[in-house]
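Residues per chain are reported as follows:
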Amino acid sequence: MGLLGCYMKLVASVLFNLQPLTGTMDDALLGGSAGLWWSNLTGILFFHVGNIVSCLDFYLHTPPGASKSKGWLYHGNLPVTGMWVYQAATWFLVASNFMAFSFNGAGWGPP
C-alpha cells in the first residue's frame with residue numbers, strides 16, 4: 001500500500017511538469033503560453049490521493065519507531081504527523097485548483 005501512494009505521487013510529479021513544459025512551447029493546440037489546462041488539477045488530485053493512501057498505510061501498518069500510544073510530537077511519530085499535515089494541506093490545494101480551474105479555456109469551471 002505504501003508503494004501505491006509513492007507511485008501516485010510519482011505520476012503527480014510528471015503531471016505537474018507538463019503544464020510549464022507545454023507553456024514554454026507556446027503551441028496553440030497545447031494551450032498557448034498557459035500550457036495544458038488540465039495537468040495541474042490532475043496532478044494535485046493524484047498527489048492528494050497519494051497522501052491519503054500514505055496516511056492509511058501509516059494507520060494500518062505503524063512504521064518502525066512510531067507508537068500509537070504516544071503523542072503526535074513523539075520523535076518516532078513525526079513522519080506520521082508530517083504525512084497528516086501534508087494531507088491536510090493538499091485539501092486546500094485541491095479546493096483552490098478547482099476554484100481556479102477552467103475547462104478547456106471556459107470562463108470558469110466546474111459547470
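Use the structure listed above.
Quick summary incoming for the structure in this document. The structure presented is a predicted model; accordingly, all values stated were derived computationally and were not measured. (Residues numbered from 1 in each chain as written. Predicted model: local features only at pLDDT ≥ 70, side-chain atom pairs only at ≥ 80, totals over all residues. Heavy atoms only, no water.)

What follows covers the overall build of the chain. For the chain, the helix and strand inventory stands at three helices and zero strands. Its helices and strands in sequence order give the chain the pattern α-α-α, from N to C terminus. Its C-alpha atoms give the chain a radius of gyration of 17 Å, more than 25% over the compact-globule value 13 Å for 111 residues. When the backbone C-alpha atoms are referred to their principal axes, the chain occupies close to 55 × 25 × 20 Å. The 111 residues of the chain split such that 31% are buried. Long-range pairs, those at least 24 residues apart, make up 58% of the contacts in the chain between residues at least 6 apart in sequence. (Helix = DSSP H or I, 4+ residues; strand = E, 2+ residues; numbered from the N terminus. Rg over C-alpha atoms; globule rule 2.2 N^0.38 Å. Buried < 20%, exposed > 50% of the residue type's maximum accessible area, 1.4 Å probe, protein only. Contact = heavy atoms within 4.5 Å.)

Before going further, it helps to examine unusual backbone geometry. With a phi close to 55 degrees, D26 is a non-glycine residue in the positive phi region. Owing to a relative accessible area of 52%, D26 belongs among the exposed residues under this scheme.

Together, M1, L56, Y59 and L60 line one region of the surface with nonpolar side chains, adding up to about 420 Å² of accessible area. Mapping L56 onto the fold places it in helix α2 (residues 39–60). (Patch = residues over 30% accessible without salt bridge, like charges linked within 9 Å, V, L, I, M, F, W, Y side chains within 5 Å. Areas by Shrake-Rupley, 256 points an atom, 1.4 Å probe, with all protein chains shown as cover. Salt bridge = Lys/Arg side-chain N within 4 Å of Asp/Glu carboxyl O.)

On to the packing of aromatic side chains. Tallied over the entire structure, the rule returns one aromatic pair. Seen in terms of ring centroids, F16 and F47 are 6.4 Å apart; in terms of plane orientation they differ by 55 degrees. Their pairing is tilted. Note that F16 is positioned in helix α1 (residues 2–25) and F47 in helix α2, a separation of 31 residues in sequence. F16 sits in the partly exposed class, given a relative accessible area of 30%. The ring of F47 has K9 sitting right over it, with the charged end atom 6.0 Å from the ring centre. Seen from the ring of Y59, K68 lies directly overhead, with NZ or CZ sitting 4.6 Å from the centre. (Phe/Tyr/Trp six-rings, centres within 6.5 Å; stacked < 30°, edge-to-face > 60°. Lys NZ or Arg CZ within 6 Å of the ring centre and 35° of its normal.)

Here we come to the packing of α2 against helix α3 (residues 78–100). Running from N to C, α2 and α3 point in directions that differ by 155 degrees, and their axes come no closer than 9 Å. Here α2 is positioned roughly antiparallel relative to α3, judged by the angle of their axes. As for how α2 packs across α3, the hand of that crossing is left-handed. Contacts from N40, L41, I44, L45, F47, H48, N51, I52, S54, C55 and F58 of α2 reach α3 at P79, V80, M83, W84, Y86, Q87, T90, W91, L93, V94, N97 and F98. When its residues are assigned to classes, the contact of α2 with α3 shows 16 nonpolar, seven polar and no charged. (Axes fitted to C-alpha atoms, helices over the stretch in contact; angles between N-to-C directions. Parallel < 35°, antiparallel > 145°, perpendicular 65-115°, else oblique. Left-handed = near helix turned anticlockwise from the far one by under 90°. Nonpolar A, V, L, I, M, F, W, Y, C, P; charged D, E, K, R; others polar.)

Worth remembering: the numbers are spatial, not functional.
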